[in-house]
Amino acid sequence: MSAYPNQTNIWWLFLLQGIAGTIFGLMLLTVSDLTTIALVSFVGLYWLIMGVLALVRVFVDQSIPWFWSLLIGLVGILAGISVSKHPLLAALTASTAIIIVLGVQGLIIGAIEIAAGFMGGGMSSFIPGVIYLLAALFLLCSPIAAVLEMPLVFGVLFLVQGVVLTVFAFHARA
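Read on for an overview of the structure. (Residues numbered from 1 in each chain as written. Predicted model: local features only at pLDDT ≥ 70, side-chain atom pairs only at ≥ 80, totals over all residues. Heavy atoms only, no water.)

A word on the environment of Phe-170
Note that Phe-170 resides in helix α6 (residues 143-173). Through-space distance from the C-alpha of Phe-170 to that of Trp-11 is 7.1 Å; in sequence the pair is 159 residues apart. (Helix = DSSP H or I, 4+ residues; strand = E, 2+ residues; numbered from the N terminus.)

So this is what it looks like as C-alpha cells:
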C-alpha cells in the first residue's frame, strides 16, 4: 500500500513531470543559450497565436468590449512577431526588466524588514531585511550579470524539482 493513497493512480504523471524537469534543467545547465532562445521563441509563438485568437474574439464574443479584444490582439501579434524575429534581444530585454522589478521589490521588502526589526521584530526581521537589501543591490547594480546567471539558477531549480518528482513518483507507485 502506498504512503500516498490519492496519488497511486497517477504516479506516472509525477514521473513524466520529473523527467521533463530533469531534462529541462540539464538543458539549461549545458546549452543555456540555445535553450533560452528556444523557450523565448515558443513564448513569441504563443503570443502570436493568442493575439490572433483575441482578434477572432472581437467578432464572436460580445461579453468583452471589442476594443479590449482588439487591443490585446494587436499587442499580442506585434509582441509575437517581435520576439520571433529577435529572440535573443527579447530574452535579454524581458529578463532585464524582470531583474529590475525584483531588485526594486527586494529594496522595498528589505527596508520594511529592517524597519520591523527596529520596531520590535528583532534580529529575525533585521537579518532577512539586510539579505533582501544586499540581493536587491546586486540585482540593480548589475542587472545584465543577474540575467546571465538566470539559466544557471533555473537549471538547478528544474533539475532538483525533476529529481524530487521522479523519486516521489516511484514512492507513490510502491
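What to know about the packing of helix α2 (residues 32-60) against helix α3 (residues 66-85)
The interhelical angle for the contact between α2 and α3, taken along N-to-C directions, is 155°, at an axis separation of 7 Å. Our classification of the angle between α2 and α3 gives roughly antiparallel. Two packed elements cross with a definite hand, and for α2 against α3 that hand is left-handed. Of the residues in the contact of α2 with α3, the class split is 16 nonpolar, 7 polar and 1 charged. (Axes fitted to C-alpha atoms, helices over the stretch in contact; angles between N-to-C directions. Parallel < 35°, antiparallel > 145°, perpendicular 65-115°, else oblique. Left-handed = near helix turned anticlockwise from the far one by under 90°. Nonpolar A, V, L, I, M, F, W, Y, C, P; charged D, E, K, R; others polar.)

A short note on a nonpolar patch on the surface
Taken together, the side chains of Leu-39, Phe-42, Val-43, Leu-45, Tyr-46, Trp-47, Ile-49, Met-50 and Leu-53 present a nonpolar region at the surface, about 870 Å² in accessible area. Along the chain, Trp-47 falls in helix α2. Look at Trp-47 and you get partly exposed, because its relative accessible area is 37%. (Patch = residues over 30% accessible without salt bridge, like charges linked within 9 Å, V, L, I, M, F, W, Y side chains within 5 Å. Areas by Shrake-Rupley, 256 points an atom, 1.4 Å probe, with all protein chains shown as cover. Salt bridge = Lys/Arg side-chain N within 4 Å of Asp/Glu carboxyl O. Buried < 20%, exposed > 50% of the residue type's maximum accessible area, 1.4 Å probe, protein only.)

Some words on the layout of surface pockets
Here the largest pocket defines a volume of roughly 660 Å³. In terms of lining, the largest pocket is formed by 27 residues, of which the most central are Thr-36, Val-40, Ala-91, Leu-92 and Ser-95. Listed by contribution, the elements that provide at least two residues to the lining of the largest pocket are α1 (11-30), α2, α3, α4 (87-121) and α6. For the lining of the largest pocket, the class distribution of residues is 21 nonpolar, 5 polar and 1 charged. Taken together, 17 residues form the lining of the second largest pocket, with Ile-99, Leu-102, Ala-135, Leu-139 and Ala-146 sitting closest to its centre. Elements with a contribution of two residues or more to the lining of the second largest pocket: α4, α5 (123-141) and α6. (1 Å grid on protein atoms, 1.4 Å probe; cavity = no way out; pocket = protein on both sides within 12 Å on 5 of 7 lines; lining within 4 Å. Points joined across faces, edges and corners; volume = space filled by probe spheres on them.)

What about the packing of aromatic side chains?
Evaluation of the coordinates by the stated rule reveals 5 aromatic pairs. Both rings, one in Phe-118 and one in Phe-126, keep their centres 5.5 Å apart while their planes meet at 70°; by these two values the pair is edge-to-face. Take Phe-126: its relative accessible area is 26%, and that puts it in the partly exposed class. Members of the aromatic cluster, connected to one another through ring pairs, are Trp-66, Phe-67 and Trp-68. (Phe/Tyr/Trp six-rings, centres within 6.5 Å; stacked < 30°, edge-to-face > 60°.)

Focus: α1
Here α1 contains 20 residues, and its C-alpha end-to-end distance of 29 Å stays within 8% of the 28 Å for a straight helix at 1.5 Å per residue. If you check which residues of α1 are buried, you get Phe-14, Leu-15, Gly-18, Gly-21, Thr-22, Gly-25 and Leu-28. When α1 is viewed along its axis, its buried side chains cluster within an angular range of 160° and face the same direction. Lining the buried residues of α1 we find α2 and α6. (Expected span 1.5 Å × (residues − 1). Arc of directions from axis to C-beta. Contact = heavy atoms within 4.5 Å.)

What about the packing of α1 against α2?
The N-to-C vectors of α1 and α2 enclose an angle of 120°; their axes lie 5 Å apart at closest approach. Taken together, the axes of α1 and α2 lie oblique to each other. Of α2, the residues touching α1 (which contributes Phe-24, Met-27, Leu-28 and Thr-30) are Ser-32, Thr-35, Thr-36 and Leu-39. Here the contact of α1 with α2 is composed, by residue class, of 4 nonpolar, 4 polar and no charged.

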